[in-house]
Amino acid sequence: MKNWRSFDLNLLRVFDAVMQERNVTRAGSSIGLSQPAMSHALNRLRHLLKDELFVRVPAGMVPTPRAELLAQSVRNLLTEIRLALEPAAFDPAASDRRFTLTVNNYAAVVLTTPVVTAVSAAAAAVRLDLRPSGTLDVVDLLDRGDLDIALGSIEAPGKRFAATLLLEDPFVMVMRRGHPASRRKLSAAAFAALPHLEISSTHEDTTFIDRWLAQEGLARRIALRAPYISAASLLTDSALIATLSCRFASP
């Protein structure tokens, strides 16, 4: 493109929004433009770059190969511009920025309410977008600037990310009220023999239990693996026990 000095940078915001949303109406809503204004901006950008950029299909807008090549560079450029224009010192009370966070199941249950409450008190105009992290490539999204913060444990996040320990949470054994095992002190053998429910959605490392039992020549009997959302009803109506972090077990 020869006339780059007169290029309207607002067109890049339009491009990035459509790339993220894959829908012109939703993209316009995210950056405060009407559908006609979005269409006009896209047409200008197509003319300038000599490429269709996005093709309409029943499911939304599909980027062309040229758009795919541009996407990350445009996102990086917009992030750098935003950071350059922000005040040198972040003032929560004066900010109206939107922060995107991912939460794993533990963080969703234990941390979401105190985080939202604290942000509301310190930065009333700040907006939060909380997303479940289960199926996301969190490290890649942090690298690309699509995420600001990830709440939860991340394996090998790399030195390029800052990490802060928010809390420590001991593990407890959970069972239904009136469970026969609650009436006596359990030996290691009795504990191992109980039917264990292993929570499949929290990715909490409970292998310390297996290492401890292995020292005694024992092993847990994992009777069922299931997501946390079903744990309460499963434990209430069965002889299963589960080992959970204390805050997670009693939010």
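Everything below is about the structure printed above this text.
Residues numbered from 1 in each chain as written. Predicted model: local features only at pLDDT ≥ 70, side-chain atom pairs only at ≥ 80, totals over all residues. Heavy atoms only, no water.

**A short note on the sheet that holds strand 5 (residues 149-151)**
Reading across the sheet, the three strands line up as 4-3-5 and stay open at both edges, with parallel pairing between neighbours. Single-partner strands in this sheet number two, and they are strand 4 (127-132) and strand 5. Sheet twist, expressed as the average angle between the axes of neighbouring strands with direction ignored, equals 25°. Alignment of strand 3 (residues 98-103) against strand 5, held across three bridges, turns out to be parallel. Considered in strand 5, the bridge of V103 is made with L151. The sheet strands contacting helix 6 (residues 112-122) are strand 3, strand 4 and strand 5, and the helix crosses strand 4 at an angle near 165°. (Pairing = 2+ DSSP bridges. Helix = DSSP H or I, 4+ residues; strand = E, 2+ residues; numbered from the N terminus. Axes fitted to C-alpha atoms, helices over the stretch in contact; angles between N-to-C directions. Contact = heavy atoms within 4.5 Å.)

**Points about the packing of aromatic side chains**
Counting across every chain of the model gives six aromatic pairs. Between F191 and W212 the ring centres are 6.1 Å apart and the planes differ by 50°, which places this aromatic pair in the tilted class. Of this pair, F191 sits in helix 8 (residues 188-193) while W212 sits in helix 9 (residues 207-215), and the two are 21 residues apart along the sequence. Classification of F191 as buried rests on a relative accessible area of 10%. Ring pairing ties together the aromatic residues Y106, Y228 and F248, which thus form one cluster. (Phe/Tyr/Trp six-rings, centres within 6.5 Å; stacked < 30°, edge-to-face > 60°. Buried < 20%, exposed > 50% of the residue type's maximum accessible area, 1.4 Å probe, protein only.)

**Quick word on the sheet that holds strand 9 (residues 241-245)**
Pairing between the strands of a sheet is mediated by backbone hydrogen bonds and can be parallel or antiparallel. On the basis of which strands lie adjacent, the open sheet formed by four strands has the order 6-9-7-8 and mixed pairing. For this open sheet the edge positions go to strand 6 (171-174) and strand 8 (221-226), each flanked by a neighbour on one side alone. With direction set aside, neighbouring strand axes in the sheet form an average angle of 35°. Here two bridges tie strand 7 (residues 195-199) to strand 9, and the two strands are oriented parallel to one another.

**Quick look at the nonpolar core**
Ranked by size, the top nonpolar core spans 23 residues in total, and within it V14, F15, V18, M38, L45, L53 and F54 carry the most contacts. The biggest single contributor to this core is helix 1 (residues 10-21), with seven residues. Look past the residues within four positions of F54 in its chain and what remains in contact with it is F15, V18, M19, L42, R46, M61, V62, P63 and T64. Counting 20 residues, the second largest nonpolar core, distinct from the first, contains L197, L235, L240 and L244. (Core = buried A, V, L, I, M, F, W, Y, C linked by side-chain atoms within 4.5 Å.)

**So, unusual backbone geometry**
Positioned with a positive phi, K50 is a non-glycine residue whose angle comes to about 55°. Positionally, K50 belongs in the loop between helix 3 (35-49) and strand 1 (54-57). Look at L53: it is not a glycine, yet its phi comes out positive at around 70°. Looking at the element boundaries, L53 is found in the loop between helix 3 and strand 1.

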